[in-house]
Amino acid sequence: MARQAQNEKPARSEKRRRNKVAHLRLSDAEHERLVTAADNAGMSLGAYLRACALGDAGPRAARKPPVAKRELIRLLGQIGKTGSNLNQLARAVNSGDDPNGLADDIKAAVVDYADMRAAVRKVLGLGP
């Protein structure tokens, strides 16, 4: 880092840089409570602590989806894989290959799949 003249303003990146560390000792239970609170607020632990202590998490605070939203996103991915498998089975049945008479069960599963997918997407605020 180059030395600045007395009247010269610091560069923007130097003004925004967080270069001080505050150490804090916590018990396992206290740490877990803070991590849970930060997750519920959708913030990183550092941003959450700054928000609590200073009233503002900062302009570049790391925002992250709450735990429930992350889990719903993961579930949506699993539902997508299941839907792919259901489509393959339905294609086989529709082409006349239904050796065990599963057509009605597959149709019901496809309807259930569509309902689950729509419900998760609605909770996540995504379109249909």
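Now for a description of the structure that goes with this document. (Residues numbered from 1 in each chain as written. Predicted model: local features only at pLDDT ≥ 70, side-chain atom pairs only at ≥ 80, totals over all residues. Heavy atoms only, no water.)

1. Some details on the overall build of the protein
Part 1 of the argument: Regarding its fold elements, the protein presents 5 helices and 0 strands.
Part 2 of the argument: Shown N-terminal to C-terminal, the secondary structure of the protein runs as helices and strands in the order α-α-α-α-α.
Part 3 of the argument: The buried share of the protein, taken over its 128 residues, is 17%.
Part 4 of the argument: Taking the intrachain contacts of the protein between residues at least 6 apart in sequence as the baseline, contacts between residues at least 24 apart amount to 42%.
Part 5 of the argument: Carbon and sulfur atoms make up 53% of the accessible area of the protein, which totals about 10300 Å². (Helix = DSSP H or I, 4+ residues; strand = E, 2+ residues; numbered from the N terminus. Buried < 20%, exposed > 50% of the residue type's maximum accessible area, 1.4 Å probe, protein only. Contact = heavy atoms within 4.5 Å. Areas by Shrake-Rupley, 256 points an atom, 1.4 Å probe, with all protein chains shown as cover.)

2. Some thoughts on the layout of surface pockets
Part 1 of the argument: Considering only enclosed or pocket space, the largest pocket measures out at about 310 Å³ in volume.
Part 2 of the argument: For the largest pocket, the full set of lining residues is Arg18, Lys20, Val21, Ala22, His23, Leu24, Leu26, Leu34, Leu45, Gly46, Leu49 and Arg50.
Part 3 of the argument: Among the elements that make up the lining of the largest pocket, the one with the highest residue count is helix α3 (residues 45-54) (4 residues).
Part 4 of the argument: Its residues placed into classes, the lining of the largest pocket shows 7 nonpolar, 2 polar and 3 charged. (1 Å grid on protein atoms, 1.4 Å probe; cavity = no way out; pocket = protein on both sides within 12 Å on 5 of 7 lines; lining within 4 Å. Points joined across faces, edges and corners; volume = space filled by probe spheres on them. Nonpolar A, V, L, I, M, F, W, Y, C, P; charged D, E, K, R; others polar.)

3. Here we look at a nonpolar patch on the surface
Part 1 of the argument: Taken together, the side chains of Leu24, Leu26 and Leu49 make up a nonpolar region of the molecular surface, amounting to roughly 240 Å² of accessible area.
Part 2 of the argument: The topology assignment puts Leu24 in the loop between α1 (12-16) and α2 (28-41). (Patch = residues over 30% accessible without salt bridge, like charges linked within 9 Å, V, L, I, M, F, W, Y side chains within 5 Å. Salt bridge = Lys/Arg side-chain N within 4 Å of Asp/Glu carboxyl O.)

4. Quick look at α2
The α-helix advances 3.6 residues per turn, and as a result positions three or four apart in sequence lie on the same side.
Part 1 of the argument: Here α2 contains 14 residues, and its C-alpha end-to-end distance of 20 Å stays within 8% of the 20 Å for a straight helix at 1.5 Å per residue.
Part 2 of the argument: Taken together, the buried positions of α2 are Leu34, Ala38 and Asp39. Looking straight down α2, one finds that the buried residues subtend no more than 135° of arc, so they occupy a single side. Away from its buried face, by an angle of more than 90 degrees, α2 presents the exposed residues Ala29, Arg33 and Asn40.
Part 3 of the argument: A positive phi of about 75° marks Gly42, the residue just after α2. (Expected span 1.5 Å × (residues − 1). Arc of directions from axis to C-beta.)

5. Section: the packing of α2 against α3
Part 1 of the argument: It is the contact of α2 with α3, at a shortest axis distance of 9 Å, that shows an interaxial angle of 90°. The pairing of α2 with α3 is recorded here as roughly perpendicular in orientation. Between α2 and α3, the contacting residues are His31, Leu34, Val35, Ala37, Ala38 and Ala41 on the first element and Leu45, Tyr48 and Leu49 on the second.
Part 2 of the argument: For the contact of α2 with α3, the per-class residue count stands at 8 nonpolar, 1 polar and no charged. (Axes fitted to C-alpha atoms, helices over the stretch in contact; angles between N-to-C directions. Parallel < 35°, antiparallel > 145°, perpendicular 65-115°, else oblique.)

6. Quick look at the environment of Gly58
Part 1 of the argument: Mapped onto the fold, Gly58 is located in the loop between α3 and α4 (67-94).
Part 2 of the argument: As a C-alpha pair, Gly58 and Ala47 span 11 residues in sequence and 7.2 Å in three-dimensional space.

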